[in-house]
Amino acid sequence: MGQQMACLDQFVIFGDSITQGAWDQSRGFAMGAELASAYSRRFDVMNRGFSGYNTDHALKVVHNILPQAHPQQVAVRFLVIWFGANDANKNPIQAQYVPPDRFKKNLLEIINHPVVTVHSPNIILITPPPFEETMLVELQEEWGVPPPTRKAMDAQEYAELVKEVGKEAGVPVLDVWSAFMEKAGWKAGDPLPIPGTLELGKSKELEELSYDGLHVSPQGYRIVFDELVKLINEKWPEYPPYKMPYAVKVQWEKDMGAEFWDVKNMI
């Protein structure tokens, strides 16, 4: 019997529908699919996105979404946590709202959960993207959900909360909210109101980054992907997307050398 092939370590993205949709290529570029390509034969990139979930829900399922650490099993090398878009939803009918203090507490509990810490993963937090209120009013009418809708300022608040958790936990944060807002021509210190509010009307720039005012478009996912790659290369240069040596190789591949075959991507 031949030698058993080693399992690939995992790169897990844990979040809500914005994570779940990151593999959907029906509209175009998909961040999750591209990340899986970037780490093909290096990591198994896992979609752990749950539509409609907030951090309360996340705490109830975190023990089910990661493998139990064991020398003969896989390890989670990266864990990306991307919540906040539902936690910030104050519509009582949708019952998703998680107050700021509990939201921060939940994120910290996920980061420090035993099923996470046993893997000692490299953890990245991602902020929620901006909300575009005009589009969200249209979306709620389509869904048949009465007001109120998510507010642009609430997305900003929960993005700041994620950054506070990152600072407290010593975890890098990918600030998607600010990256998108810069594309909309607004940055910290600029006058209010911010783009995305009903007061200013529909933001053409945010409309390009979100197909319904909440969920991320292919153009938006491209920004998230590029920023994520940049962050990984800065913080963990030993795990460069596209350029890591393959985890499993037979002898003829080993003979060719990593610089030719896997690192330079000759196929």
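Everything in this summary refers to the structure shown in the same document. Computed from a predicted structure; not experimentally measured.

**Some thoughts on the environment of lysine 235**
Right, so step 1: Looking at where lysine 235 falls in the secondary structure, it is placed in helix H10 (residues 218–235).
Right, so step 2: Classification of lysine 235 as partly exposed rests on a relative accessible area of 48%.
Right, so step 3: When the C-alpha positions of lysine 235 and glutamine 96 are compared, they lie 33 Å apart, and in sequence the two are 139 residues distant.

**Looking at the sheet that holds strand E1 (residues 9–15)**
Right, so step 1: A sheet is described by the order of its strands in space; here five strands give the open sequence E2-E1-E3-E4-E5, paired in parallel fashion. Strands at the two margins of the open sheet, each flanked by one partner only, are strand E2 (43–49) and strand E5 (173–174).

**Description of the pattern of salt bridges**
Charged atoms that come close allow side chains of opposite charge to pair.
Right, so step 1: Scanning the model with the defined rule gives 11 salt bridges in all.
Right, so step 2: Each member of the salt-bridge network shares a partner with another, and the members are Glu138, Lys202 and Glu207.

**A short note on helix H6 (residues 133–143)**
Right, so step 1: Within H6, the full set of buried residues consists of Glu133, Thr134, Met135, Leu136, Leu139 and Gln140.
Right, so step 2: Looking at the buried residues of H6, the elements they touch are helix H7 (152–169) and helix H9 (204–209).
Right, so step 3: Put simply, glutamate 132 is the residue that caps the front of H6, since its side-chain oxygen is 3.0 Å from the backbone nitrogen of threonine 134.

**Structural notes on unusual backbone geometry**
Right, so step 1: The omega torsion across proline 147 and proline 148 is 5°, close enough to zero to call that bond cis.
Right, so step 2: Secondary-structure assignment places proline 148 in the loop between H6 and H7.
Right, so step 3: A cis amide bond, omega 0°, links leucine 192 with the succeeding residue proline 193.
Right, so step 4: Along the polypeptide, proline 193 turns up in the loop between helix H8 (176–183) and H9.
Right, so step 5: At alanine 95, a position not held by glycine, the phi torsion is positive, near 50°.
Right, so step 6: Here alanine 95 lies in the loop between strand E3 (76–82) and helix H4 (100–111).
Right, so step 7: The exposed category is assigned to alanine 95, whose relative accessible area is 57%.
Right, so step 8: For serine 120, which is not a glycine, the phi torsion comes out positive at approximately 50°.
Right, so step 9: Turning to its location among the elements, serine 120 is positioned in the loop between helix H5 (114–117) and strand E4 (122–126).
Right, so step 10: A relative accessible area of 59% places serine 120 in the exposed class.

Reading the values: rules and limits
Throughout, a residue's number is its position along its own chain's written sequence, starting from 1. The model is predicted, so local features are restricted to residues of pLDDT at least 70 and side-chain atom pairs to those at 80 or more, both for listing and for counting; the totals for chains, interfaces and linings are taken over all residues. Where side-chain values are given, they derive from all heavy atoms of the structure, hydrogens and water being excluded. The way it works is that DSSP assigns letters per residue, a run of H or I at least four long becomes a helix, a run of E at least two long becomes a strand, and they are numbered from the N terminus. Residue exposure (1.4 Å probe, protein chains only): buried if accessible area is under 20% of the type maximum, exposed if over 50%, otherwise partly exposed. At least two bridges found by DSSP between two strands is the condition for calling them paired. The working definition used for a salt bridge is a side-chain nitrogen of Lys or Arg within 4 Å of a carboxyl oxygen of Asp or Glu. Contacts: residue pairs with any heavy atoms within 4.5 Å of one another. Any pair of N or O atoms that falls within 3.5 Å is considered a polar contact. Within protein, one atom must be able to donate a hydrogen and the other to accept it, and sequence-neighbouring residues count only if both atoms are side-chain atoms.

The values are spatial; any link to function lies outside them.
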